[in-house]
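# Observations on chain architecture
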Amino acid sequence: MKAYTYYTFTILIFFILIVGCRSTKKLSINEALITKLKLKGFDKQFEEQAKAYVALDIRPNSPFNLFIYNTFSKKGKLKLGEAPHLVDSALIEVSRKQIKKFLNSKGFLNADVTYALKIKKKRASLVYTAILGPTFRFNNINFTIKDSTIKNIYLSQRSMFTQITKGARYDEDSIAYEREKIFLLMKSNGYYNFLRQYVRPVVDTNTNKSLANIDISIVNPSDSVRHKQYIINNTYINIQSAGVQQKKTDTTVLGSQFFFYDKSTYFKAKRIANYIYFKPKDAYSIEKTELTNQRLYDLNVFKSVNISFKKTNDSTQRLNAFLDIVPLKRKFNRIDAEYTFNASITGLNLGLTYQNRNAFGGGEVFEVKGRSGFQFDRNLSGQFIDRVLSRDYQIGTSLSFPRLISPFRIPLIGKNGIPRTRIGLSYQIFNLTNTYQRNTLGGTFTYDWIETKNKLHSVTPINIQYSQGKIKQSVADSLEAQGERFFLTTLRSQLVSSSLYTYTYNLIKLNEYRNFSFFLGNIEIGGNTAALLANVLGEKPDDLGQKKILRVPYYEFIKIETDYRYYKSLGGEKQLIIRLNPGIGFSYGNVKALPFEKLFFAGGSTGIRAWQARTLGPGNYNRSSLQNETSRLNLRNLDQLGDLKIEGNIEYRFKLLQNFFGSKVKGATFIDYGNIWQLRDEGQAQNREFKFDKLWSQMAVGIGFGLRFDVSFFVFRLDAGFKFKDPQFIGNNQWVAKYWFDKNLRNEFKNMYNNVTNKPDNYTFTQIQFGIGMPF
C-alpha cells in the first residue's frame, strides 16, 4: 500500500475521533444543549445505576455522534448520528422522580433528590443531588406457608440462595430475587402448576428505627388445600423432516416410555435420548427441561427444539412430555475468500468447506476443508507469475463426536455443556519461491469438555506432524556461510509427536460489560514417545548426534503459553482491557531447537498491531545483518521467530454510533508492547537472545486506534497501528515516533533504511490491520 493511503486513513480516523465537537450553532434562541451531567451525594455503589435512570434524551451527546448528525442529517431527513440532547424540563423532573424511586428501592426510604440546571452560551450543566437519609435494614423475617411440603422444601434450601437476612440492607431487588428463586425451586421439584403469584412478600417499614420487617407468604391455589406435584410419564420425540419429505418415518420405542418418530430418518433414538435429562417417574423439573433444550441445541444439528407437557387423562398427577424438533440441513457447503496486503506484499486465500452435521445419526460432524493461498511481491521483477512470493495448499478432514470416546467407560458428562471427541487429519504443501518447500502430514485426537459454564478443558493426547522440508542448496550454503544454523535446523525435515492440554476460564463472559478476568493457558510436551520408540528400535545417532524415525529427526520439547486479561467496565459500553500474553518453549534431548511450527512470532492483528505478523524481533535483530539481498528476500517470514514471547496490550473501547447503515460502530485506542527472543546463543551477530538486563532495549511499543463495525452476527475490525519504539535500532534511534511529524527526517530515515536493506524490506511507520471479531 502506498504511503498516501496510510496517511489518508490516518487523517480519516483522526477526523472521526477528534473533530466531532458539540456545536450549538444550529440551536434556536430558546434551546440549550446539555453538555454536562453530574450526580452528587450518591453512594458510590449505586451512582452508576442511578445515572441509568436519567432519560437518554437529556444525557450529554457523544461528540462524534452529534457531529455526524449536524453534518449529514439535513433537517432530520437522514437518520445518521444523534440528534442534539436539549434541555427538557419535563424529562428532567421525570428523571428526578425515577432516581428517587430507585434510591427508595435500595433501602434509602427517606431519600430525596433535587436538581440544579445552569445554562451558559446555550450549553447546559445538569446536576442531581441526593439526600440519602438513614439506610433501612431487614429485621424480623417471618414465613406464612400453609402447604407443609412446600415449606420444608423452601426452608431446607433457602440458605443456599437468600439475600434477605437480619441486618442486611433493605433491597427490593433482593425481594424479587427471593421470589424468583422460590418459583424456580418449586418448578424443579414437581410443582408443574406453581405460579410466581403464589409468592407474596409483605414488608412493614412502619418503624422509627430504620428497620424493615418482612413476611414471606406462599399461598395455596384457590381450588385446593395444597399444591400438586407431578411426575414424568411418557416422552414423545417428533423430529420433522429436513427439506425433502421422506417416504417413511423411523419409529423407535426405548424402555417402553421413550417414543421416537423421526420423519427425517437421519437420527438414532438412543443417541438423542442421552440428552433428555428428565426420565420416566422423575418429578417434573423446569431445570431439567431447560437443560434438555439447551443440550439438544448444543449438538448443532437442530434448528429449533420445542418442549411441552400435557397432563394425563386421569387423576395420577402425571405428565406426558412432547419434544417437537426441526433439524438443520444435514449437508452444508461454504466458499470463503480473504485478501491481505502490506506495503508491497499482497495475498489471496480461497477456501472451500463441506460439512455433514449428522454423519452417523448421533450429532457427529464430518468436515472437509480445502484451502489455497498465494502471496505476491510487487517489487519482484518479471511477469505476474514471477511475482509469486509463496504458495500454500492445504486439505484437511475432521470428525467430531458429541461424547468422549475411550476404550474405558466414561460417564456421560453433559450437564454444563456437550463434551466432544475430535479426530483430524491434514496435509499441507507450502512453497516459498526459489527458497524452501515443506510438505506436512498431521493427525490429532482431542477431548473437549466443560467442567462448569466458566471452566473449559481440552486434552490432545495424540498430536503428530511429519514434515519433509527441502531447502534450496544455494540458500542452505548461504545460511551455513553466515553461521545461521538456527534456520537450517528449524526448516528441515522433522517428526513432531506431542500431547497438549488447554484450560480456559470465563470464555462465556467475553461479550459482557462487567468486571472480570479471563485466562487461557496451554502446555504441550513432545518427543518422549518418539524417544522411547527410537530406543526400542535401536536407532543410532547420525553425524549431528541426532536419532531418526522414518529417516527424519524427532524433537523433544516443552512449550507453555498463557493469555491473561482483565476487563474493566467503565459504564455503558465503555471498557478497559489489560492483557498479558507470555509464552516459552524449550527443546532438549535429540534436537536443540524447537520445531518450526512451535516457534513464536510477534506482530499481527491480535498482537503488536504496529507490525505485520512475523516482522518483529527476535530481540534487537535487524535484517540488515543478513549479508545480501538474496538472503533477505529468501528468508522473509522465516527468520523472525523465537523460543520466548512476551506480548501485552492495553485497550480502551467505547461506542461511537448506535446505527451506521445497520451496524453499531465502536472505537478503540490501544498501546501494544512486547517482542520475541531466542533462548540459545547460536553465534549470530545480532542480540536475539533473551537477557533480562536488556529487556527494555529489546521491547517494541506500538500505539493506535481502530473501528469495530458490529453487525450482530460478526464484528468487522479495522485497526491502525503506529510504531513508537522499534528495538531493531540502537539507542535513541529506537524512538521512531520522533519521525512522525517531520517529513524531511522521516524521508531521510526511510531512505537510509531501504538503502541498507536493498529493497526487500521497505520501512513503514504505520500498519493497517483487518480482522473478523475482536482482537482479544
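Our subject is the structure listed above.
We now turn to the structure provided with this report. Quick caveat, the model's predicted, so the values are computed rather than measured. (Residues numbered from 1 in each chain as written. Predicted model: local features only at pLDDT ≥ 70, side-chain atom pairs only at ≥ 80, totals over all residues. Heavy atoms only, no water.)

Moving on: the pairing of strand 25 (residues 644-660). Of the strand pairs in this sheet, strand 24 (residues 575-588) and strand 25 are connected by ten bridges, and their pairing is antiparallel. Bridge pairing in strand 25 places R579 opposite N649. Relative to strand 26 (residues 663-677), strand 25 runs antiparallel, the two sharing 14 bridges. Looking at strand 26, one finds that L657 is bridged to V665. As consecutive antiparallel partners, strand 25 and strand 26 are separated by two residues, and within that stretch F661 has a phi angle of approximately 50 degrees, a positive value. (Pairing = 2+ DSSP bridges. Helix = DSSP H or I, 4+ residues; strand = E, 2+ residues; numbered from the N terminus.)

A separate point is unusual backbone geometry. Here the residue pair G617 and P618 is connected by a cis peptide bond, since its omega of -5 degrees sits within 30 degrees of zero. Considering the arrangement of structural elements, one finds P618 in the loop between strand 24 and helix 12 (629-634). Positive phi, close to 55 degrees, is recorded for L550, a residue that is not glycine. With respect to the secondary-structure elements, L550 resides in the loop between strand 21 (548-549) and strand 22 (552-553). For L550, a relative accessible area of 59% gives the class exposed. (Buried < 20%, exposed > 50% of the residue type's maximum accessible area, 1.4 Å probe, protein only.)

Right, let's get into the pairing of strand 28 (residues 715-725). Across the eleven residues that make up strand 28, a large majority, nine, are buried. Bridging between strand 27 (residues 700-710) and strand 28 involves ten bridges; their strand directions are antiparallel. For V701, the partnering residue across the bridge sits in strand 28 and is K725.

The next point concerns the pattern of salt bridges. Where side chains of opposite charge bring their charged atoms close, a pairing between them can arise. Throughout the structure, instances matching the rule amount to 32 salt bridges. The partner of K548 in a salt bridge is D542, with the nearest N and O atoms 3.9 Å apart. On the basis of relative accessible area, K548 is assigned to the partly exposed category, the value being 32%. A network of salt bridges, in which partner residues are shared, links R609, E651, R653, D672, R708, R717 and D719. (Salt bridge = Lys/Arg side-chain N within 4 Å of Asp/Glu carboxyl O.)

If you walk through the whole model with that rule in mind, you get 30 aromatic pairs. Arranged with centres 5.3 Å apart and planes meeting at 85 degrees, the rings of W677 and F690 form a pair that is edge-to-face. Of this pair, W677 sits in strand 26 while F690 sits in the loop between strand 26 and strand 27; the two residues are 13 residues apart in sequence, bridging distant segments of the chain. Look at W696 and W735: their rings are 6.1 Å apart centre to centre, the planes differ by 45 degrees, and that puts the pair in the tilted class. Of the two residues, W696 sits in the loop between strand 26 and strand 27 while W735 sits in the loop between strand 28 and helix 13 (743-757), which places them 39 residues apart along the sequence. Overall, W696 belongs to the exposed group, its relative accessible area being 51%. Classification of W735 as partly exposed rests on a relative accessible area of 32%. The aromatic ring of F600 is capped on one face by K559, whose charged end is 4.6 Å from the ring centroid. Positioned above the aromatic ring of W735 is the side chain of K725, whose terminal nitrogen or guanidinium carbon lies 6.0 Å from the ring centre. (Phe/Tyr/Trp six-rings, centres within 6.5 Å; stacked < 30°, edge-to-face > 60°. Lys NZ or Arg CZ within 6 Å of the ring centre and 35° of its normal.)

Along the chain, the position of S390 falls in strand 15 (residues 388-401). In this view, S390 contacts G373, F374, Q375, F430, N431, L432 and T433; residues no more than four positions away in its chain are not counted. (Contact = heavy atoms within 4.5 Å.)

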